[in-house]
Amino acid sequence: MNNPSPNHQLSVCLIALGAFSLGMASYVTAGLIPLIESSFAVSVAVAAQLVTAFTLAYGLGSPVFVALTPPDRQRAGLLIALGLFVLANAASALSTDFMALAIWRAVTGIGAGVYLAMGIGAATALSPPERRGKSIALIMGGMASGVVLGVPLSLMIAEQMGWQAALWLVTLLGLLAFVGLLVRLPQLPAAPASSLRQKLAILADGHVMTILLVSLLAAVASLGMYTFIAPLLADPDHGAVRSITPYLWIWGIGGVVGSFLVGPIVDRVRGPVLVFAIMVMLSASLFLLPFASSSGAWLVAIPIVVWGAVGWALQVPQNNELILARHAQGDGNLAIALNESALYLGSAIGAAAGGFVLLLEMPTWSLAACAGSVALSGALLQILNLRRQRGLQCARELNQTID
C-alpha cells in the first residue's frame with residue numbers, strides 16, 4: 001500500500017483551503033445584497049443579479065475553460081484559476097461601479113468553477129487509489145465549511161466594516177492557498193492529449209450522463225428545498241418558526257460532518273451502492289420534514305441534519321465515480337466541471353419549481369413531498385449504474401475464468 005508523502009498531503013490541505021474561500025464566495029454575496037443595494041443605490045432585484053452573474057459563469061463557463069486547458073499544463077491551470085479567483089475578488093472589493101462589480105463577480109465564478117474541478121482532479125492524482133475518497137472529502141468538506149462557518153463570519157465583519165471587507169477576507173484566504181500551492185504543489189501528471197471533439201464525446205458516455213443526471217436530480221431536491229425551508233417551517237401547521245437561522249446552522253453543520261465522514265466510506269464501499277443509499281436517505285429525510293415539523297419544532301432537526309449531511313456527502317462518491325469513468329480518456333476534470341454545472345442548474349430548477357408550487361397555492365408540505373419524490377426518482381435512476389457495475393463485474397469474472 002502506497003502512502004502519500006507529507007508534501008502531497010499538504011497540497012491537498014492547501015487545495016481544501018482554497019475550496020473554503022470558494023464556499024464563502026459562492027454564498028456570501030446573497031447576504032451582502034442589502035449593503036450593496038445601499039452602497040450603489042440600486043434595487044434589491046438589481047443587486048440580486050450579482051448572484052446570478054456568479055452562478056451562471058460558474059455553471060456554464062467553467063466546463064468550457066476546463067476543456068480548453070492543455071493536458072500538460074494541469075498545475076499551471078489550477079494556479080491560474082485560483083489566481084484569477086483571488087484577483088477577481090479583490091477587484092470586486094475595489095469596484096465603485098455596479099456594472100463593473102457584476103462583471104468581476106462573473107469572472108470570480110469562472111475562476112471558482114475551474115479551480116474546484118481541477119483541484120479535485122489534482123488531489124486524486126496526488127493520492128493513492130485507497131485514499132482518493134478521503135482527498136475528495138477533504139476538499140468538499142472545506143467548501144462546506146466555507147459556507148457554514150465562513151459566510152456567517154464574513155457577514156459579521158461586513159456589518160461592522162462594509163461589504164467590501166467580506167470580499168477582502170475571501171481574497172486573503174484565497175491568496176494564502178495560492179501562495180502555498182505555488183510553493184508546495186508538485187508537478188501534476190499530464191492528461192492524455194485529445195481534441196475538442198474527443199472531449200465533447202464525454203456527452204455521449206451513457207454512464208457519465210447517468211451520474212450527472214443523478215447529481216442534477218439531487219440538486220433539484222436538496223438545494224431546491226433549501227430555498228423554501230423558511231416558508232415550510234413558518235407555516236402554523238409546521239412549527240410556526242419565527243427564526244430560521246438555527247435550522248440553517250443545523251443543515252450546514254450536517255453538511256460539514258457528512259462531507260468529511262463520507263471520505264473513508266468511499267474508499268471501502270462501491271460508489272454506485274453508496275450513491276444509491278445516499279439518495280434513498282435524502283428522499284426519506286425530505287419526506288419526513290413536514291411530519292417532523294408538525295410534531296415539534298426541534299424534532300424536525302433530525303431530518304434536517306440528515307438532509308444536510310447526505311446532500312453534501314453525495315458529491316464525494318459522485319466526483320470519484322466520474323474520475324474513474326473518464327480516467328482513461330484523460331478528461332476527469334471536465335467531467336467534474338460538468339457535475340458542478342449540473343448542481344447549479346439543479347438548484348435553479350428546484351428554486352423555480354418550488355416557486356411554481358407556491359404560485360399554485362398548494363400547501364407548504366407539498367414542497368417537501370415534491371422534493372422527496374425527485375430524490376426518489378434519482379435513487380431509482382441510480383439502479384442503472386448498479387446494474388452496469390454488476391454487468392462489468394460479471395464480465396471480468398468471465399474473462400478470468402476463460403483465461
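About the thresholds
Residues numbered from 1 in each chain as written. Predicted model: local features only at pLDDT ≥ 70, side-chain atom pairs only at ≥ 80, totals over all residues. Heavy atoms only, no water. Patch = residues over 30% accessible without salt bridge, like charges linked within 9 Å, V, L, I, M, F, W, Y side chains within 5 Å. Areas by Shrake-Rupley, 256 points an atom, 1.4 Å probe, with all protein chains shown as cover. Salt bridge = Lys/Arg side-chain N within 4 Å of Asp/Glu carboxyl O. Helix = DSSP H or I, 4+ residues; strand = E, 2+ residues; numbered from the N terminus. Phe/Tyr/Trp six-rings, centres within 6.5 Å; stacked < 30°, edge-to-face > 60°. Buried < 20%, exposed > 50% of the residue type's maximum accessible area, 1.4 Å probe, protein only. 1 Å grid on protein atoms, 1.4 Å probe; cavity = no way out; pocket = protein on both sides within 12 Å on 5 of 7 lines; lining within 4 Å. Points joined across faces, edges and corners; volume = space filled by probe spheres on them. Nonpolar A, V, L, I, M, F, W, Y, C, P; charged D, E, K, R; others polar. Axes fitted to C-alpha atoms, helices over the stretch in contact; angles between N-to-C directions. Parallel < 35°, antiparallel > 145°, perpendicular 65-115°, else oblique. Contact = heavy atoms within 4.5 Å.

Engineer: How should a nonpolar patch on the surface be read in this particular structure?
Structural biologist: Side chains of Leu-149, Trp-249, Ile-253, Val-257 and Leu-261 sit close together on the surface and give an oily, nonpolar patch of about 460 Å² of accessible area. Broken down by element, the residue count for the nonpolar patch peaks at four residues, all from helix α11 (residues 245-266).

Engineer: Would you mind showing me how to read the packing of aromatic side chains here?
Structural biologist: Scanning the entire structure with this criterion turns up eight aromatic pairs. Both rings, one in Phe-40 and one in Phe-98, keep their centres 5.9 Å apart while their planes meet at 70°; by these two values the pair is edge-to-face. Taken together, the residues span a long stretch of sequence, with Phe-40 in helix α1 (residues 6-40) and Phe-98 in helix α5 (residues 98-126) at a distance of 58 residues. By the burial criterion, Phe-40 is buried, and Phe-98 matches it.

Engineer: Quick question: what am I supposed to make of the layout of surface pockets here?
Structural biologist: Rolling a probe over the atoms, with the probe sized like a water molecule, indicates the empty space that remains. Approximately 1,500 Å³ is the volume attributed to the largest pocket. Secondary-structure elements contributing two or more residues to the lining of the largest pocket are α1, α3 (49-68), α6 (132-161), α9 (206-227), α11, α13 (301-313) and α15 (332-359). In terms of residue class, the lining of the largest pocket is made up of 32 nonpolar, 13 polar and one charged.

Engineer: Which parts of the structure should I look at to understand the packing of α6 against α11?
Structural biologist: Two quantities define a packed helix pair, namely the angle between the helix axes and the distance between the axes. Closest axis-to-axis distance for the α6/α11 pair is 7 Å, and the angle between their directions is 170°. Of the possible angle classes, the one that applies to α6 and α11 is roughly antiparallel. Contacts between α6 and α11 involve Gly-133, Lys-134, Ala-137, Leu-138, Met-140, Gly-141, Gly-142, Ala-144, Ser-145, Val-148, Leu-149 and Pro-152 from the former and Trp-249, Gly-252, Ile-253, Gly-255, Val-256, Ser-259, Phe-260, Val-262, Gly-263, Pro-264 and Val-266 from the latter. Grouping the amino acids of the contact of α6 with α11 by side-chain chemistry returns 14 nonpolar, eight polar and one charged.

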